[in-house]
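# Commentary on secondary and tertiary structure
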Amino acid sequence: MKKYLLSLLVVIAIGFFPIIGCKKIGKGYKPEESTETVEKSTPESAKEKSPYVSEKEKTGITGEGTSLETEKGLPETEKTEMIITDAEGKAKELWDTIHKENYKLNWKLWPDTQDFYKGREPHGELLTTYVNDIAYEAIKNKKGKLPVGSIIITENYTSDRHITFLTVMQKTKGFNPLANDWFWVKYETDGEITTVKKDNKALKLAGKVANCIECHSLQTDNDYIYTSPIIDIEQEISETKKKEEEIMNTERMAIEIWDKMKSDNYQESWKMWPDKEAFYNGIDPHGTLLNTYVNEVAYDSIVNKKESMPFDAVIVTENYMFDKSLEYITVMKKIKGFNPENNDWFWIKFKPNGAIMTEEKYGKTISLAGKVDNCISCHKNQFLNDYIYTSFVKGITKKEITEEKPEGTEPVYELMAKELWERMQNEKYRENWKMWPGKSAFYEGTEPHGFWLTTYVNDLAHEAIKHKKGELQPGAIIIKENYRKDKNIDSITVMQKIKGFDPDAKDWFWIKYEPNGDVMVIEKEEGGETKTIKLAGKLSLCIKCHGAQTSNDYIMTTPLKLMHTY
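Residues numbered from 1 in each chain as written. Predicted model: local features only at pLDDT ≥ 70, side-chain atom pairs only at ≥ 80, totals over all residues. Heavy atoms only, no water.

## Side note on the side chain of Asn 385
- As for its position among the elements, Asn 385 is in the loop between helix 10 (373–379) and helix 11 (398–401).
- The class for Asn 385 is buried, based on a relative accessible area of 4%.
- At a separation of 2.9 Å, a polar atom in the side chain of Asn 385 contacts the main-chain carbonyl oxygen of Ile 388. (Helix = DSSP H or I, 4+ residues; strand = E, 2+ residues; numbered from the N terminus. Buried < 20%, exposed > 50% of the residue type's maximum accessible area, 1.4 Å probe, protein only. Polar contact = N/O pair within 3.5 Å; in protein donor to acceptor, adjacent residues only side chain to side chain.)

## A closer look at helix 3 (residues 87–100)
- Here helix 3 is 14 residues long and its end C-alpha atoms lie 20 Å apart, about the 20 Å a rise of 1.5 Å per residue gives.
- Looking only at helix 3, the buried set comprises Ala 87, Glu 88, Gly 89, Lys 90, Ala 91, Lys 92, Leu 94, Trp 95 and Ile 98.
- Looking one or two residues past helix 3, Asn 102 carries a phi angle of roughly 50 degrees, positive in sign. (Expected span 1.5 Å × (residues − 1).)

## Considerations on the state of the cysteines
- All chains considered together, the criterion is met by zero disulfides.
- No disulfide involves Cys 212; its sulfur sits 8.1 Å from that of Cys 215, the nearest cysteine.
- For the unlinked cysteine Cys 545, the closest cysteine sulfur is that of Cys 542, found at 8.0 Å. (Disulfide = S-S within 2.5 Å.)

## Quick word on the pattern of salt bridges
- Tallying each qualifying case throughout the model produces 15 salt bridges.
- Its salt-bridge partner being Lys 260, residue Asp 264 comes within 3.4 Å of it at the nearest N-O pair. Taken together, the residues Asp 264 and Lys 260, both in helix 7 (residues 233–264) and four residues apart, mark about one turn of the helix.
- On the basis of relative accessible area, Asp 264 is assigned to the partly exposed category, the value being 24%.
- Taking relative accessible area as the criterion, Lys 260 reaches 48% and is therefore assigned partly exposed.
- Across the pair Glu 414 and Lys 534 runs a salt bridge, and its minimum N-O distance is 3.4 Å. One end of the pair, Glu 414, is in helix 12 (residues 412–426); the other, Lys 534, is in strand 30 (residues 529–534), with 120 residues separating them in the sequence.
- A relative accessible area of 36% places Lys 534 in the partly exposed class. (Salt bridge = Lys/Arg side-chain N within 4 Å of Asp/Glu carboxyl O.)

## As for the environment of Ile 511
- You can see Ile 511 is positioned in strand 28 (residues 508–513).
- As a C-alpha pair, Ile 511 and Val 494 span 17 residues in sequence and 5.2 Å in three-dimensional space.
- Here Ile 511 is in contact with Ala 417, Leu 420, Ile 492, Thr 493, Val 494, Val 519, Leu 535, Ala 536 and Leu 539, once residues within four sequence places are set aside. (Contact = heavy atoms within 4.5 Å.)

## Details of the environment of Trp 270
- Here Trp 270 lies in the loop between helix 8 (266–269) and strand 14 (271–272).
- For Trp 270, a relative accessible area of 12% translates into the label buried.
- Taking C-alpha positions, Trp 270 is 6.3 Å from Tyr 293, a pair spaced 23 residues apart along the chain.
- Filtering out sequence-adjacent residues up to four positions away, Trp 270 remains in contact with Met 261, Asp 264, Tyr 293, Val 294, Asn 295, Val 314 and Val 316.

## Digging into the confidence of the model for the chain
- Of all residues in the chain, 78% attain a pLDDT of 70 or more, and the chain-wide mean is 80.
- In the predicted structure, residues 396–410 sits below a pLDDT of 50 and forms 23 contacts with residues beyond four places in sequence or in another chain. (pLDDT = per-residue confidence, 0-100.)

## Considerations on the pairing of strand 7 (residues 126–131)
- The buried count for strand 7 comes to six of six residues, which makes it a mostly enclosed element.
- Burial of strand 7 is two-sided: the residues Leu 126, Thr 128 and Tyr 130 facing one way and the residues Leu 127, Thr 129 and Val 131 facing the other way are all buried.
- Of the pairings in the sheet, the one linking strand 5 (residues 108–109) to strand 7 comprises two bridges and is antiparallel in character. Across the sheet, residue Leu 109 finds its bridge partner in strand 7, namely Tyr 130.
- As judged from the two bridges shared by strand 6 (residues 117–118) and strand 7, these two strands associate in the antiparallel manner. Counted as the bridge partner of Tyr 117 is Leu 127 from strand 7. (Pairing = 2+ DSSP bridges.)

## What to know about unusual backbone geometry
- Put simply, Glu 121 and Pro 122 share a cis peptide bond, and its omega is 5 degrees.
- Here Pro 122 is to be found in the loop between strand 6 and strand 7.
- At the junction of Glu 447 and Pro 448, the peptide bond is cis and its omega measures out at 5 degrees in the coordinates.
- Despite not being glycine, Tyr 224 shows a phi value in the positive range, around 65 degrees.
- If you trace the backbone, Tyr 224 turns up in the loop between helix 6 (210–216) and helix 7.

Structure (structure tokens):
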């Protein structure tokens, strides 16, 4: 024990900090593998923790962050489960590195900044930012991205220049490709990793810190950097002008579409969508009640089940509230060459008076005309039906979607699964979609899924889950990455809600992919023969298991309703 205390005093003397992770057993100390409950009431309890982190643990696997609003310390005398992550070992090495290099003396300040420049929340009121040589060269020469090995150290000060904490970003090859490989750490002034409380657990802010990534992801075009542009300004200005011209052009096109609708007196001269009456029931994000009108070329295509809508087809949907008062009008027009990646649809959301509606996004006002992201991401779920939800408009009928094509052709289910995989990759779901609300990367899984799970959802699903809508709408997609105990990915399971696909099981389409995107297969004995079955479509095992949660829309992850327990 004396030898242990002497070693600990030496560590404290050189400015290092104790890392929790050892549990007292008799007169010795045994390293814990994952979690333990630690007493936060007295400094003595902290002194009993070993600074040891094994080489195996120094792999930089994620830590988890939480809101910086909770970082004012943990209540005294409270027992808190402390999460130990491999990221702590990496954070220790990083602290040692920057002090061995004596960064304050040998590193440069961020180009064109001085000591104590003005900061903003959640950082200090005043900031001083140091960078190592390779980062400095990339910033100075506007490389667009910082190279692997770059380190950024920001000292955070109060208005009276009292240092409160340090935030550090280090780019580490392969650490987190989804967020440009940045490793994030928040240190106290003595080098201890800042700890926050979340769900009665004490979390170290090191590794893939959720709040850091979420905030800095608004600067993905600038390599997650806020301090100053690291891209070529002239090129950026040129691209900005191009975007402004595109916006002006789309707004002009939208006005022309509105004028044409009014001059045609569409409510009188156009037909309603076949088999749809006035004020039929709508679903989010559209109105409670809907009226849908189509021009002649669109109507002919729908009635005759053409492969896709022809160019110049126009669909006008009036969105009403429950009392039948008009709220807004959404329009789709197919324009040749406008957006080939998304079937050339031009989208607009009008106010009842014809003004183009806008929304606030990332601090900017965005006009809802042209390539409207929310419209595309939702309607893309109907790629087999020319991006249309209202009813089937092409050769794939409800019957065909539930059957396989003749022998020698690709089954519909497998085709749907392949197209969905392509969409997932095109949308870069790991970068652009949100994780399931309240879930972080690598949360604990249960059979038949992985030992660890990471679950992503598209915007439509995220809103329904977050606001406890009770049920997910058609177009919702849930992607679950299934990992083995060593955190190597094993498979990817996906649920996609498709209107009319399988009403008996809430219209869920189920797929299980190999990590490379191939649809997984299983061997099944039937009538003395072994059959190979593709895991896509109406999967009986998935439906049977998830059927235990019919009141929760076949969802196991968390409740979708308020005040309901499972």
